[in-house]
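Descriptive structure summary
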Amino acid sequence: MSLRHALLGLLSERPASGYDLLKRFETSLANVWPATQSQIYTELTKLAGSGLITVAAEGPRGRKEYALTDEGLAELRHWLTETTPQRTIRSDILLRVFFLGVLPPDQARGYLTELAQMSEQSIEQLRRLSDSIDWDDGNLSVHGRIALEYGLRFNAMRREWAEWAAEQIT
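This report concerns the structure included in the present document. Note that the structure is predicted; figures quoted are calculated from it, not measured. (Residues numbered from 1 in each chain as written. Predicted model: local features only at pLDDT ≥ 70, side-chain atom pairs only at ≥ 80, totals over all residues. Heavy atoms only, no water.)

Remarks on the pairing of strand β2 (residues 53–58)
Rules: Should DSSP find at least two bridges between two strands, the strands are taken to pair. Each helix is a run of DSSP H or I of at least 4 residues and each strand a run of E of at least 2, with the numbering of both proceeding from the N terminus.
Summarising the sheet, β2 and strand β3 (residues 64–68) pair through 5 bridges and their orientation is antiparallel. Considered in β3, the bridge of V55 is made with Y66. Counted along the chain from β2 to the antiparallel partner β3, the turn is 5 residues long, and its residue R61 has a positive phi close to 55°.

With respect to unusual backbone geometry
Residues other than glycine seldom take positive phi values, yet R61 does so here, at roughly 55°. Looking at the secondary structure, you find R61 in the loop between β2 and β3.

Some thoughts on the packing of helix α1 (residues 3–13) against helix α2 (residues 18–29)
The cut-off we apply is this: To obtain each axis, a line is fitted to C-alpha atoms, and for helices this fit is confined to the stretch in contact; angles are then taken between N-to-C directions over 0 to 180 degrees. Put simply, angles under 35 degrees are roughly parallel, angles over 145 are roughly antiparallel, angles from 65 to 115 are roughly perpendicular, and the rest are oblique. Two residues qualify as a contact provided that any one of their heavy atoms is within 4.5 Å of a heavy atom in the partner residue. In this count, Pro and Cys sit with the nonpolar residues alongside Ala, Val, Leu, Ile, Met, Phe, Trp and Tyr, while Asp, Glu, Lys and Arg are called charged and the others, Gly among them, polar.
The geometry of α1 relative to α2 is characterised by a closest axis approach of 11 Å and an angle of 100° between their N-to-C directions. If you check the angle between α1 and α2, you find them roughly perpendicular. Along the contact surface, α1 presents L3, A6, L7, L10, L11 and E13, while α2 presents L21, R24, F25, S28 and L29. Among the residues making up the contact of α1 with α2, the classes are represented as 8 nonpolar, 1 polar and 2 charged.

Let's talk about the pattern of salt bridges
Stated precisely, the cut-off is as follows: We count a salt bridge whenever a side-chain nitrogen from Lys or Arg sits within 4 Å of a carboxyl oxygen from Asp or Glu. Think of it in three bands: residues with accessible area under 20% of the maximum for their type are buried, residues over 50% are exposed, and the middle band is partly exposed, with areas taken using a 1.4 Å probe on protein chains only.
A complete count under the given rule lists 7 salt bridges for this structure. We note a salt bridge from E149 to R153, for which the minimum N-O separation is 2.8 Å. Residue E149 and its partner R153 are located together in helix α7 (residues 139–168), separated by 4 residues, close to a single helical turn. For E149, a relative accessible area of 34% translates into the label partly exposed. With a relative accessible area of 59%, R153 lands in the exposed category.

Quick word on the sheet that holds β2
Strands sit in the order β1-β3-β2 across an open sheet of 3 strands; the sheet is antiparallel. Strands at the two margins of the open sheet, each flanked by one partner only, are β1 (16–17) and β2.

Re the packing of aromatic side chains
This is how it is decided: Here is the rule: rings of Phe, Tyr and Trp (six-membered ring for Trp) pair when centre to centre is within 6.5 Å. Planes less than 30 degrees apart are stacked, more than 60 are edge-to-face, and the remainder are tilted.
Tallied over the entire structure, the rule returns 1 aromatic pair. Here the aromatic rings of Y150 and F154 are separated by 6.1 Å at their centres, their planes lie at 15°, and the arrangement is stacked. In this pair, Y150 and F154 are both assigned in helix α7, 4 residues apart and thus about one turn of the helix distant. You can call F154 partly exposed: its relative accessible area is 32%.

Observations concerning helix α6 (residues 105–132)
Keep this limit in mind: Residue count minus one, scaled by 1.5 Å, sets the expected span of a helix.
For α6, with 28 residues, the first-to-last C-alpha span of 41 Å sits near the 40 Å given by 1.5 Å per residue. Residues A108, Y111, L112, L115, A116, S119, S122, I123, L126 and L129 constitute the buried set of α6.

Considering the pairing of β3
Two faces, one strand: in a regular strand the side chains alternate between the faces of the sheet. Note: β1 against β3, 2 bridges, orientation antiparallel. Among the inter-strand pairings, S17 is bridged to a residue of β3, identified as E65.

Concerning the side chain of R158
The condition that has to hold: Polar contacts, as counted here, are pairs of nitrogen or oxygen atoms within 3.5 Å of one another; within protein the pair requires one atom able to donate a hydrogen and one able to accept it, and residues that are adjacent in sequence qualify only if both atoms are side-chain atoms.
Within the secondary structure, R158 is located in helix α7. In this structure the side chain of R158 is engaged in a polar contact, spanning 2.8 Å, whose partner is the side chain of S119. Setting aside residues up to four positions removed in sequence, R158 forms contacts with I93, L115, M118, S119 and S122.

As structure tokens, this is what we get:
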């Protein structure tokens, strides 16, 4: 996935300004694909330059509202259906687990206990996020809830696994 496709996906729902897209990122995609304000604005400029989005309206202080073009929708659909998702996942968390043997057992267990606690905190953050969103029947809400459920289940699994793993260290 790329920031490009995330922005095209958000704009497929409705036109938005860079600021609006940043806020939507913070409340919907930040747990999946984080992006900074400068990254978003840089990518919007590139997307507009390539004809995948257009400036639909301009407001005060240079505010621009962007809309998806037919070419942008075609690119989003192409990415969704004709490209293979990247299967390589790098995990700093699991890389550290491989080398926990260099630590005394109590420190290794402590790392895993902290990981379980971090996972529980992530679950709570996702629950608060879910409660703060005004869900509707739009595509972004329906599929956003599905993605959020993945985050909840993933963190629950990681918490259970970390608790189990801590018990394995003697």
